[in-house]
Structures are given as structure tokens and as C-alpha cells.
Amino acid sequence: MRQRSTPRPARRPPPPSASAAAPGSGPERGGRPKPGGSGAAPEPRGRAAHARVGGAAPGFLPGAAAPARGGPQFQPKKRTRSTCASLLLGRMTDDKDVLRDVWFGRIPTCFTLYQDEITEREAEPYYLLLPRISYLTLVTDKVKKHFQKVMRQEEINEIWFEYEGTPLKWHYPIGLLFDLHASNTALPWNITVHFKNFPEKDLLHCHSKDVIEAHFMACIKEADALKHKSQVINEMQKKDHKQLWMGLQNDKFEQFWAINRKLMEYPPEDNGFRYIPFRIYQATTERPFIQKLFRPIASGGQLHTLGDLLKDVCPSAITPEGVSYLGFNRAFPAAQPCVVAFDCSSYTPSVPV
Amino acid sequence: MAEDGEQAAVSPQGEAGEEAAETGAAAAAAAGSAEPVLPAAGSPGTEEPAGDARKKIDVLLKAVGDTPIMRTKKWAVERTRTIQGLVDFIKKFLKLMASEQLFIYVNQSFAPSPDQEVGTLYECFGSDGKLVLHYCKTQAWG
């Protein structure tokens, strides 16, 4: 497990010539939205300050869990399987601060035009705070406009992004891309912008926002297929699906979670989700990601932990010191039950190990 | 075409003769005795995947709506083949234009990403030893 040398990205004020535009098509904002009740950037909760890493695919587990907050520990009266699981789950869904921290995570980024792109005058870099949970092509309209202003129309093709020679897959959440490629480097994250020579073998095309929406919804559906045999997502109306997407696109936490909450529920008589939707990404391998069936509850009735998950599907990631995961902006101890981790990280892919 | 349980050990390389003429397939099983196998996945220069990844999985392709039905529905596919690779193969098989769209669905509920590997989908959504995929020229399940 890599330790990050720098703590969670602090928000730096952008230089005067650039604008730190809000992500997506939401209203212009001067900076990071403040989670309820606190003006300071939230610190990672729980024990040690492990590196924060995260990535997400909607509906998937990050491999991270928030430790339970301070306050009275919940003591279930009877240790039945369903009671235990649903109580823990209920508790974490109530912990909105955790959910907000995940949602509002940002990465300060500097976009620079590739030197070989042909421009009519010099292109200044563009600074932006990127939301970890979103997608590059969804939140970079202003970046595109900024560079296109200094280019001729005929030089402009589909935009694509690259970091130190690696094309960045727009269909991976931004937080995941950062954690996989750049988590050990100093901020801001320096991304190179291209308008030519689209790398067909490495990247999917993204000709419109509809493509992003389709990908996002497919992830949500795949996750629900694992959690609920698609029952919850299929029972929803089209407008509910749309609300999930609009919540993401417009950076509206409440709007998103009003619907996502239903995807995170399960009736107490069922012992948790059928399978935990997760993906484990590793920077050290050519394999795209690990995704397997994994039940939240072991045969003995106890909740599987993140440590159990890793041992089962990715044992090579476990070091002698044990493992700690990083989810969106927080570290999660390996002993944390998967179902809890999953809940507070909502859609998350697993994280680089 | 016979669909017995046997799997071809090795993917045939290149075009098959009369099979290709009839079905448009780029690959075909040896005379009916083994399951049809897709041409080897990966472009030139790709390394041979090790161990498990070389084992093939069974994929059953089902047409949706008025999409043409494939004569051969059951295929043995390398785990590392992507959905995009499968789409290209089906399009070629059905003699569709490259510009025509083809959508693939798992569990009749979601469309996996083009770069997703069939092996992973089989692990998570396979049943009775095979992965059932529905294909359609138009969007079927959103």
C-alpha cells in the first residue's frame, strides 16, 4: 500500500489570471463548497492519516470505509445477522458528513495545452478544482473553451487528456485517475490537453454528455445487479434515474442522495446486499481491474471486512503491516465491515492498492 | 451447427473457407465437432496472458428485436476479449456496416463498457457455465 507523502489535497487559491470554475455545469463558485457544520476542510476521520485515495465508479465499493464517528456505539440487542448488518448500515447512511466528504472531494488541477498543438497565440494554463467523483469530460467544458479560444477551428478535434504520457480514461472517475497516476506527486495535478491524434487504442470516445450519462447509468445498473439483482434500479422511474445523473452533473448532493439512498438499502431479513459491488485498481499491473463476486456476510454470520475482501481477491496487495485503504478522502481500516465501507462511499471503485 | 460441450483447444487463425462464405465469420470450429471459437483476441504485439486468462469462457449470444440472429449462437471466447472486440466480431459476422451501432447487454439490464473484459463479466454474471449476452442494433434496456 502506497503512503502518500502529502496529506489530503488542500485547496490552493488559483493564480489571479485563471479562474477556479466550479465543476460540471453548476453555478460558478469561488471555491470548495463547505460541508454542513464545518468551515475547515474535513480531516480524515479515524485512526492514522493514511493516504487518501479513491476513485469511483458509481455503485461500486471503494475498498474503503469510514470508521464510525464518535458518539454512542450502537449496541444491537440480539446479535442476529440481519440486525447487525442493517443497524451498521443504517448508522453510516445517517452519517451525512462522511457522505458529504466523499461527494465534495476536490483535486486542484493545472491544465496545459500540449506543446505540439497549433495555436494562434500563446495558451495560458488553466486551473480548476476537479471533483473526485465526476468524470473528466463532464467537468472540463471551460478548459476546452479556454484553449479553443487560441486555436483555429480546423485544428480542433475531440479533446483528450494525458498525464506524463499516459492517456487518461475519461470513463474512470477523476479521483481514481489521480490516485492511480499522481497521488505521490506534488499538487496541483498537471494534466496535458490534446486536440489531435486521439489514442484510439487507449481511450473511449466521448462525443457528447449523453455518452457520459449512459456510462454512469450502466455502472449504477451493474452495481445494482450485484446488490439487489437489479430489483431496486428497475423499480425506479425514468425520472429517478435522471435525477441521479442530474445530481452528479450539477454537483447536487441532496438531489443525488435522495435517490441513491434507495440503492443503498436492503431489507433486514435479507442479510445485506447479495454481493458487494467493488473494483480493485492497481497501478502496478496491466490488468484493468479486479471484480469478483463477494458476499457481505460470511458463512458464520459475521460481516466480511475489507481485509477479508482483499485477502480473497487480491492477496498480493497485503503487506506484513496489514493494509489500509483509502477511499475518497479518508482512510479506512482493514477491519471495517465491507457493507459499512460501501455505504459511506456510495459509488466507489476500489482503490489502488 | 452442432453445439456440444467440447471446446476447441486452440483458436483457429485467419479466415475459414466455406464457413466464412455462409456466415461471414472470420473463425469457425473444425468441422462441427468442437465449439466455435472466436479468433484470438488482442492485436499483434499483445503478450500471451498467463494461466487462467488463457482459459476460454462460453458466451451465448441472443438477438433482441429485429436484429439479425446469428447462425452460431454459442462461442468459446478468451477471457481477456473486450466487449468492443465482441461487438466488432458480431458486426463482421452479421455483415453489418462498421458505422452501424450494436449494443450488448448483460442480464438484460445493463450495457457494459466497451473496454470491459468478458472474463470479468462471466465471473460476476455467468450462470450454468456460460455468459448470456443480448445484442441489439438499437438501445434495448437504456
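For chain A, the name recorded in an unreviewed UniProt entry is Autophagy protein 5, with Anser brachyrhynchus as its organism. Looking at chain A in UniProt, the text filed under Subcellular location (unreviewed entry) is "Preautophagosomal structure membrane". Looking at chain A in UniProt, the text filed under Sequence similarities (unreviewed entry) is "Belongs to the ATG5 family."

Student: What am I meant to see in the overall build of chain B here?
Tutor: Scanning chain B from terminus to terminus reveals three helices and four strands. Element order for chain B, N to C, with α for helix and β for strand: α-β-β-α-β-α-β. By the burial criterion, 47% of the 142 residues in chain B qualify as buried. Across chain B, contacts joining residues at least 24 apart in sequence account for 67% of those joining residues at least 6 apart.

Student: Looking at this structure, I do not really get empty space enclosed by the protein. What am I missing?
Tutor: Rolled over the atoms, a probe sized like a water molecule indicates the empty space that remains. Residue and element names in this part refer to chain A. This structure, assessed with the given rule, holds eight cavities of 30 Å³ or more. The volume enclosed by the largest cavity comes to roughly 80 Å³. Lining the largest cavity are twelve residues; nearest its centre among them are H171, Y172, H215, R279 and F289. For the lining of the largest cavity, a count of residues per class yields six nonpolar, four polar and two charged.

Student: In this structure, what is going on with the side chain of B:E117? I would like to understand it.
Tutor: Along the polypeptide, B:E117 turns up in the loop between β3 (103-106) and α3 (118-125). Of the polar contacts made by the side chain of B:E117, one reaches the side chain of A:R287; its length is 2.6 Å. When neighbours within four sequence positions are excluded, B:E117 is seen to be in contact with A:R287, A:P288, B:R79, B:T80, B:R81 and B:T82.

Student: Got a minute to help me understand the environment of A:Q255 in this structure?
Tutor: All names here are of chain A. Structurally, Q255 is set in helix α9 (residues 253-263). It is 26 Å that separates the C-alpha atoms of Q255 and H207, two residues lying 48 residues apart in sequence. Among residues more than four places away in sequence, those in contact with Q255 are Q243, M246 and G247.

Student: Would you explain the environment of A:V193 in this entry?
Tutor: All names here are of chain A. Within the secondary structure, V193 sits in strand β5 (residues 189-194). In sequence terms V193 and W257 are 64 residues apart; their C-alpha atoms lie 33 Å from each other. If sequence neighbours within four positions are ignored, V193 has contacts with F111, T112, L113, Y114, E117, V143, F147, I159, W160 and F161.

Student: I'm lost on the interface of chain B and chain A in this one. Help?
Tutor: The extent of an interface is frequently quoted as the accessible surface area lost upon association of the parts. Contacts between the two partners involve 18 residues from chain B, matched on the other side by 17 residues from chain A. With both sides pooled, the region where chain B packs onto chain A buries about 1,300 Å², and carbon together with sulfur makes up 58% of that total. Counting across the interface, chain B meets chain A through one salt bridge. A salt bridge links A:R287 to B:E117; the nearest nitrogen and oxygen atoms lie 2.6 Å apart. Where chain B packs against chain A, one counts four residue pairs in polar contact (both at pLDDT 80 or more). A class-by-class count of the residues in the side of chain B that touches chain A yields seven nonpolar, eight polar and three charged.

Student: Please clarify how the packing of helix α6 (residues 209-228) of chain A against helix α8 (residues 238-249) of chain A should be interpreted in this entry.
Tutor: Helix-helix packing is characterised by the crossing angle of the two axes and by the distance between the axes. Residue and element names in this part refer to chain A. Two numbers describe how α6 lies on α8: the axes approach to 10 Å, and their chain directions differ by 120°. Helix-helix and strand crossings are classified by hand; for α6 and α8 the assignment is right-handed. Residues K209, I212, E213, F216, M217, I220 and K221 of α6 form the contact with α8, whose participating residues are H241, K242, L244, W245, L248 and Q249. Residues that form the contact of α6 with α8 fall into these classes: seven nonpolar, two polar and four charged.

Student: Teacher, can you tell me more about the pattern of salt bridges here?
Tutor: Note that side chains of opposite charge can pair when their charged atoms are close. Residue and element names in this part refer to chain A. The tally for this structure, following the rule as stated, stands at 13 salt bridges over all chains. With its nearest N and O atoms 3.9 Å apart, the salt bridge here joins E154 to R152. Between R152 and E155 there is a salt bridge, with the nearest N and O atoms lying 3.8 Å from each other. With relative accessibility at 36%, the residue R152 sits in the partly exposed group. On the basis of relative accessible area, E155 is assigned to the buried category, the value being 14%. Connected through salt bridges with shared partners, the residues R152, E154 and E155 form a single ionic network.

Student: Help me understand the sheet that holds strand β1 (residues 56-63) of chain B in this model?
Tutor: Residue and element names in this part refer to chain B. If you walk across this open sheet you meet the four strands as β2-β1-β4-β3, and the pairing is mixed. Single-partner strands in this sheet number two, and they are β2 (74-78) and β3. For this sheet, the mean angle separating the axes of adjacent strands, direction not counted, is 40°. Packed on one face of the sheet, helix α2 (residues 83-93) meets β1, β2, β3 and β4 (130-136) and runs near 125° to β3.

Student: In this structure, what is going on with the nonpolar core? I would like to understand it.
Tutor: Where a protein is soluble and globular, its nonpolar side chains tend to be buried together. A:F111, A:L130, A:L136, A:F147, A:W189, A:V193 and A:F216 are the most contacted members of the largest nonpolar core, which has 58 residues in total. Ignoring sequence-local partners within four residues, the contact set of A:F147 consists of A:F111, A:T112, A:L113, A:A123, A:E124, A:Y126, A:V193 and A:F195. Within the second largest apolar cluster, 29 residues are counted, among which are A:A225, B:L38, B:M70 and B:F125.

Student: Looking at this model, I keep getting lost on the packing of aromatic side chains. Mind explaining?
Tutor: What characterises a pair of aromatic rings is the spacing of the ring centres plus the angle enclosed by the ring planes. All names here are of chain A. Applying the stated criterion across every chain, the model contains 17 aromatic pairs over all chains. Ring centres 5.3 Å apart and planes at 75° place the aromatic pair F178 and W189 in the edge-to-face group. A residue pair is termed long-range when its members are at least 10 positions apart, and F178 in helix α5 (residues 174-181) and W189 in strand β5 qualify at eleven residues. Given the relative accessible area of 0%, F178 is considered buried. Classification of W189 by relative accessible area gives buried; the value is 1%.

Parameters at a glance
Residues numbered from 1 in each chain as written. Chains lettered and ligands numbered in written order. Predicted model: local features only at pLDDT ≥ 70, side-chain atom pairs only at ≥ 80, totals over all residues. Heavy atoms only, no water. UniProt positions renumbered as here; feature names shortened; annotations may be inferred. Helix = DSSP H or I, 4+ residues; strand = E, 2+ residues; numbered from the N terminus. Buried < 20%, exposed > 50% of the residue type's maximum accessible area, 1.4 Å probe, protein only. Contact = heavy atoms within 4.5 Å. 1 Å grid on protein atoms, 1.4 Å probe; cavity = no way out; pocket = protein on both sides within 12 Å on 5 of 7 lines; lining within 4 Å. Points joined across faces, edges and corners; volume = space filled by probe spheres on them. Nonpolar A, V, L, I, M, F, W, Y, C, P; charged D, E, K, R; others polar. Polar contact = N/O pair within 3.5 Å; in protein donor to acceptor, adjacent residues only side chain to side chain. Buried area = accessible area lost by both parts, 1.4 Å probe. Salt bridge = Lys/Arg side-chain N within 4 Å of Asp/Glu carboxyl O. Axes fitted to C-alpha atoms, helices over the stretch in contact; angles between N-to-C directions. Left-handed = near helix turned anticlockwise from the far one by under 90°. Pairing = 2+ DSSP bridges. Core = buried A, V, L, I, M, F, W, Y, C linked by side-chain atoms within 4.5 Å. Phe/Tyr/Trp six-rings, centres within 6.5 Å; stacked < 30°, edge-to-face > 60°.

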